[in-house]
Amino acid sequence: MAFTATDPIKMIFAVLFPPLGVFLEVGFKGHFWLNIILTLFGFIPGIIHAFYVILKH
């Protein structure tokens, strides 16, 4: 998808708290819950997944 004006804000939130960046992109869908699990296992996997979701959608 195209890079939107809100994507940089979502990326900042993704670095600070990954599930928030994903929530702003997709809401309470599967990617959000997966990101919470990844963030609990390790902060870096949560960040990587958040960037993937933000840049994919």
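Thresholds applied
Residues numbered from 1 in each chain as written. Predicted model: local features only at pLDDT ≥ 70, side-chain atom pairs only at ≥ 80, totals over all residues. Heavy atoms only, no water. Patch = residues over 30% accessible without salt bridge, like charges linked within 9 Å, V, L, I, M, F, W, Y side chains within 5 Å. Areas by Shrake-Rupley, 256 points an atom, 1.4 Å probe, with all protein chains shown as cover. Salt bridge = Lys/Arg side-chain N within 4 Å of Asp/Glu carboxyl O. Helix = DSSP H or I, 4+ residues; strand = E, 2+ residues; numbered from the N terminus. Axes fitted to C-alpha atoms, helices over the stretch in contact; angles between N-to-C directions. Parallel < 35°, antiparallel > 145°, perpendicular 65-115°, else oblique. Contact = heavy atoms within 4.5 Å. Nonpolar A, V, L, I, M, F, W, Y, C, P; charged D, E, K, R; others polar. Core = buried A, V, L, I, M, F, W, Y, C linked by side-chain atoms within 4.5 Å. Buried < 20%, exposed > 50% of the residue type's maximum accessible area, 1.4 Å probe, protein only. Phe/Tyr/Trp six-rings, centres within 6.5 Å; stacked < 30°, edge-to-face > 60°.

Per an unreviewed UniProt entry, the chain goes by YqaE/Pmp3 family membrane protein and derives from Halomonas casei.

Participant: I keep staring at a nonpolar patch on the surface and nothing clicks. Help me out?
Facilitator: Side chains of I9, I12, F13, L16, F17, F23, L24, F28 and W33 sit close together on the surface and give an oily, nonpolar patch of about 930 Å² of accessible area. Among the elements of the structure, α1 (7–16) and α2 (18–26) are those that each provide at least two residues to the nonpolar patch. Here the element with the most residues in the nonpolar patch is α1; it accounts for four residues. One can find F13 in helix α1.

Participant: I keep staring at the packing of α1 against α2 and nothing clicks. Help me out?
Facilitator: Between two packed helices, what matters for the description is the angle formed by their axes and the separation of those axes. Direction vectors running N to C along α1 and α2 enclose 150 degrees, while the axes themselves pass 5 Å from each other. When the axis of α1 is compared with that of α2, the two are roughly antiparallel. Where α1 abuts α2, its residues D7, K10, F13, A14 and L16 lie against P18, L20, G21, L24 and E25. For the contact of α1 with α2, a count of residues per class yields six nonpolar, one polar and three charged.

Participant: Is there a simple way to think about the nonpolar core in this case?
Facilitator: What tends to happen in soluble globular proteins is that the nonpolar side chains get buried as a cluster. Counting residues in each nonpolar core, the largest one holds eight residues, listed as M11, A14, V22, V26, F32, A50, V53 and I54. Those elements giving two or more residues to this core turn out to be α1, α2 and α4 (43–56). If we ignore the near neighbours within four places in the chain, the residues touching I54 are D7, K10, M11, A14, G21 and E25.

Participant: Even after reading the chapter, I still don't get the packing of aromatic side chains, so can you show me in this structure?
Facilitator: As enumerated under the stated definition, the model contains five aromatic pairs in all. The interplanar angle of 25 degrees and the centroid separation of 6.1 Å between the aromatic rings of F28 and W33 together place this pair among those described as stacked. W33 gets classed as partly exposed once you look at its relative accessible area, which sits at 46%. Ring centres of F32 and W33 lie 4.9 Å apart, and the angle between their planes is 75 degrees; on these two criteria the pair is classed as edge-to-face.

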